[in-house]
Amino acid sequence: LITLSLLSSLNLFSTEEVEEIIVTGSQIKGAKITGALPVSILSNEQLEAFGIDSGDELLDTIAENGMNQFNEQEWNGGVNASRGDVGAFNLRSVGVGDTLVLLNGRRVIMSPGYQTEAVGGSFVPVSTVNSNTIPVYGVERTEILKDGASAIYGADAVAGVVNTVLQNDFEGLTVRFKGSGYETIDAQDFQLNLKFGTDFNEGKSNIGVFADLTDRDNIKAKEDPRWANSDLRHRLPSDNPWYSKFRNSSVYSVYGTWFQGSNQFINYPISNSRCEASSAIDIIDTNNGCLVDRSGSSGVRTNLNEYRDVRAELDRVNMFVFLNHEMNTGNEAFFELGYYDSETNRTLYPEATLGGSA
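This one's a predicted model, so the numbers in the text were calculated from it and none came from an experiment. (Residues numbered from 1 in each chain as written. Predicted model: local features only at pLDDT ≥ 70, side-chain atom pairs only at ≥ 80, totals over all residues. Heavy atoms only, no water.)

## Digging into the pattern of salt bridges
Step number 1: Under the definition given, this model contains nine salt bridges.
Step number 2: For the salt bridge of Arg316 with Asp85, the shortest nitrogen-to-oxygen distance reads 2.8 Å. With Arg316 in strand S19 (residues 313-326) and Asp85 in the loop between helix H2 (55-61) and strand S4 (99-103), the pair connects residues that are 231 residues apart, well separated along the chain. Both residues of the pair, Arg316 and Asp85, belong to the buried class.
Step number 3: In this structure, Arg141 engages Glu143 in a salt bridge whose closest nitrogen and oxygen atoms are separated by 2.7 Å. (Salt bridge = Lys/Arg side-chain N within 4 Å of Asp/Glu carboxyl O. Helix = DSSP H or I, 4+ residues; strand = E, 2+ residues; numbered from the N terminus. Buried < 20%, exposed > 50% of the residue type's maximum accessible area, 1.4 Å probe, protein only.)

See the structure below:
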């Protein structure tokens, strides 16, 4: 892939010198290119102006990136509801796993998981590079190849290529701390960023260390009145034709549902008022509680947002060490070491049927 990005303006009718020319991509024998492909570049100055703190936020600034299907906000259920600290590259919404992700021009490994995506009318397993493994505080620029490049890079570049280049010649020490709080929510966010670099060996060698430390609390849906109630009918007048469509509370109870033939029973604890009903048809005494015929309590619904976390608790460590050395022959030797560790804890909601069948 031969693509030239000029860091200074170039006028064909001017004799001004070009300060620097960056070649994006690589030359692979056998690949035939008929012309330059479109590349967008986000510089370090732009990323700092946007206040980027994570790889997920980096994706939000890439206009060419489609829906970030794999992140903690996608909580619609099933195996895809437990992703934790994961973000997905999806250029032009072609599909997760079809965007090649590079770090300093080299492939980044896929993150393990159980994600699925609707492809061809059915759900198939897919994988993606976790965007949160990128140490965004040490990024020099992000290059986005917006066209398919599978002829050069392989099948994983059908949608395009995203190449993140780190600062390999940084000198100095920079420490940044960021703390956030909320008026009506009992949660705090803390982030510590460290960037260190120095030259040695008469300026021929450089070592750089970038570290991002994140500690944030979870946010419960019931802490904010906008999210507290999943039944949204109060937002519309009762005579509105869409009134019934806004009843988003669950028809299932937070307690286990049991089946006997075609009948469904909800298992309530003995302290629940529904166990005091006198109808022998609807109630089955279990000594420690009661099984209530669901057909006789169809009006009972559950507000799932009473239990759900809108945002997970997160502890993340992201570190990258870069060492490069310019040899007398003009070649450059380099060493890279990346470390990423993340732990999230989040409560979703009671999921459909719990229990067994009789």
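## Here's the deal with a negative patch on the surface
Step number 1: Judged by side-chain charge, Glu45, Glu48, Glu140, Asp169, Glu171 and Asp199 come together as a negatively charged surface patch.
Step number 2: For Glu48, the location among the structural elements is in helix H1 (residues 44-50). (Patch = residues over 30% accessible without salt bridge, like charges linked within 9 Å, V, L, I, M, F, W, Y side chains within 5 Å. Areas by Shrake-Rupley, 256 points an atom, 1.4 Å probe, with all protein chains shown as cover. Lys, Arg positive; Asp, Glu negative; His and termini not counted. Charge placed at Lys NZ, Arg CZ, Asp CG, Glu CD.)

## Quick word on the packing of aromatic side chains
Step number 1: Counting across every chain of the model gives one aromatic pair.
Step number 2: In this structure, Lys195 packs its charged tip against the face of Tyr137, placed 4.8 Å from the ring centre.
Step number 3: For the cation-ring pair, Lys195 lies above Phe170, with the distance from its terminal atom to the ring centre recorded as 4.9 Å. (Phe/Tyr/Trp six-rings, centres within 6.5 Å; stacked < 30°, edge-to-face > 60°. Lys NZ or Arg CZ within 6 Å of the ring centre and 35° of its normal.)

## Details of the pairing of strand S12 (residues 205-216)
Step number 1: As defined by bridge partners, strand S11 (residues 188-200) adjoins S12 across 12 bridges and the pair is classed as antiparallel. Pairing of Phe196 across the sheet is with Val209, part of S12.
Step number 2: Counting the residues between successive antiparallel strands, the hairpin from S11 to S12 contains four residues, one of them, Asn201, with a positive phi of roughly 60°.
Step number 3: Sheet topology note: the S12/S19 ladder contains 12 bridges and is antiparallel. Bridge pairing in S19 links Gly208 to Phe322. (Pairing = 2+ DSSP bridges.)

## Here's the deal with the pairing of strand S10 (residues 172-181)
Side chains on a regular strand alternate between the two faces of the sheet.
Step number 1: Two strands pair when backbone bridges link them, and S10 and S11 are joined in this way by 10 bridges, in the antiparallel orientation. Across the sheet, residue Gly181 finds its bridge partner in S11, namely Gln188.
Step number 2: Where S10 folds back on S11, the antiparallel hairpin that results is connected by six residues.

## Some remarks on empty space enclosed by the protein
Step number 1: Counted according to the given criterion, the structure contains three cavities of 30 Å³ or more.
Step number 2: By volume, the largest cavity is sized at about 90 Å³.
Step number 3: As for the largest cavity, its lining consists of Asn44, Leu47, Glu48, Gly51, Ile52, Val136, Tyr137, Val139 and Arg176.
Step number 4: Looking at which element gives the most residues to the lining of the largest cavity, the answer is H1, with three residues.
Step number 5: Classifying every residue of the lining of the largest cavity by side-chain character gives five nonpolar, two polar and two charged. (1 Å grid on protein atoms, 1.4 Å probe; cavity = no way out; pocket = protein on both sides within 12 Å on 5 of 7 lines; lining within 4 Å. Points joined across faces, edges and corners; volume = space filled by probe spheres on them. Nonpolar A, V, L, I, M, F, W, Y, C, P; charged D, E, K, R; others polar.)

## Details of the nonpolar core
Step number 1: By size, the foremost hydrophobic cluster in this structure holds 21 residues, and its most contacted members are Leu47, Phe89, Leu166 and Phe320.
Step number 2: Apart from the residues within four sequence positions on either side, Phe320 is in contact with Leu103, Asn104, Pro135, Leu166, Gly208, Val209, Phe210, Glu336, Leu337 and Gly338. (Core = buried A, V, L, I, M, F, W, Y, C linked by side-chain atoms within 4.5 Å. Contact = heavy atoms within 4.5 Å.)

## Quick look at the sheet that holds S11
Step number 1: A sheet is described by the order of its strands in space; here five strands give the open sequence S10-S11-S12-S19-S20, paired in antiparallel fashion. The open sheet is flanked by S10 and strand S20 (332-345), the only strands paired with a single partner. Shown here is a sheet whose adjacent strand axes are inclined to one another by a mean of 5°, direction ignored. (Axes fitted to C-alpha atoms, helices over the stretch in contact; angles between N-to-C directions.)

## Some thoughts on the confidence of the model for the protein
Step number 1: The predicted model of the protein has a mean per-residue pLDDT of 77, with 73% of residues at 70 or higher.
Step number 2: Counting interchain partners and residues more than four positions distant, the pLDDT-below-50 stretch residues 1-13 has 31 contacts.
Step number 3: Per-residue pLDDT stays below 50 along residues 27-31; that stretch engages in four contacts with residues further than four places along the chain or on separate chains. (pLDDT = per-residue confidence, 0-100.)

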